[in-house]
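Structural description and commentary
Below, each chain spelled out in residue letters.
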Amino acid sequence: MLLSLESEERKQVGRQIPGNAAIDPGHLVVTRGAAAQLRKGLATQLLLLAPIFPLLFISQAVRFALRGDIAAAWLMAVGIVAVVIGFALFVRDFRRAGRFLARTAEQSAPGINSQ
């Protein structure tokens, strides 16, 4: 969905999802679609990819430490911290997209709840 937008439009949509810019009511459907697409991609990364990387770094750090290569073990430990920070940022963006979708649910379908 975002591929068909111009660069500035993509940036604007990207600012609206976390709440850094005011929501443009005229483009709400597109922005909600982008948020759903972002959330789906982040969910895939969080569930499938993110848990694997710390395990790889931990095993390498232990192996280097057992061999006596302390510098490499520390480098792997720094890698573990970087992956955990990246994982936390993925979680933050996932939650932001979810909050945006929840916040704008009534705005996107105004006639549904007015019975």
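Residues numbered from 1 in each chain as written. Predicted model: local features only at pLDDT ≥ 70, side-chain atom pairs only at ≥ 80, totals over all residues. Heavy atoms only, no water.

Quick look at the nonpolar core
- Membership of the largest hydrophobic core is limited to nine residues, which are L5, V13, I17, L28, A34, A35, A97, F100 and L101.
- Those elements giving two or more residues to this core turn out to be α2 (28–49) and α4 (70–103).
- For A97, the residues in contact, after removing those within four places along its chain, are I17, A35, L38 and R39.
- Core analysis: the second largest hydrophobic core is formed by six residues, F64, A72, A73 and I80 among them. (Core = buried A, V, L, I, M, F, W, Y, C linked by side-chain atoms within 4.5 Å. Buried < 20%, exposed > 50% of the residue type's maximum accessible area, 1.4 Å probe, protein only. Helix = DSSP H or I, 4+ residues; strand = E, 2+ residues; numbered from the N terminus. Contact = heavy atoms within 4.5 Å.)

Some points on a nonpolar patch on the surface
- Together, L47, L48, L49, I52, F53 and L56 line one region of the surface with nonpolar side chains, adding up to about 620 Å² of accessible area.
- Among the secondary structure elements, those contributing two or more residues to the nonpolar patch are α2 and α3 (52–67).
- Inspection of the secondary structure assignment puts I52 in helix α3. (Patch = residues over 30% accessible without salt bridge, like charges linked within 9 Å, V, L, I, M, F, W, Y side chains within 5 Å. Areas by Shrake-Rupley, 256 points an atom, 1.4 Å probe, with all protein chains shown as cover. Salt bridge = Lys/Arg side-chain N within 4 Å of Asp/Glu carboxyl O.)

Some details on α3
- Helix length check: α3 (16 residues) gives 23 Å between terminal C-alpha atoms against 22 Å at 1.5 Å per residue, within 8%.
- Turning to α3, its buried residues are P54, A61 and F64. Taken down its axis, α3 places every buried residue within 95 degrees of arc, on the same side. Residues L55, L66 and R67 are exposed on α3 and point more than 90 degrees away from its buried face.
- On the buried face of α3, the contacting elements are α4.
- Among the residues trailing α3, G68 stands out with phi positive, at a value near 95 degrees. (Expected span 1.5 Å × (residues − 1). Arc of directions from axis to C-beta.)

A few points about the side chain of T104
- Tracing the chain through its elements places T104 in the loop between α4 and α5 (105–108).
- A polar side-chain atom of T104 sits 2.8 Å from a polar atom in the side chain of R32.
- A polar contact is formed between the side chain of T104 and the backbone oxygen of F100, at a distance of 2.8 Å.
- Sequence-distant contacts of T104, that is, excluding residues within four places in its chain, are made with I23, L28 and R32. (Polar contact = N/O pair within 3.5 Å; in protein donor to acceptor, adjacent residues only side chain to side chain.)

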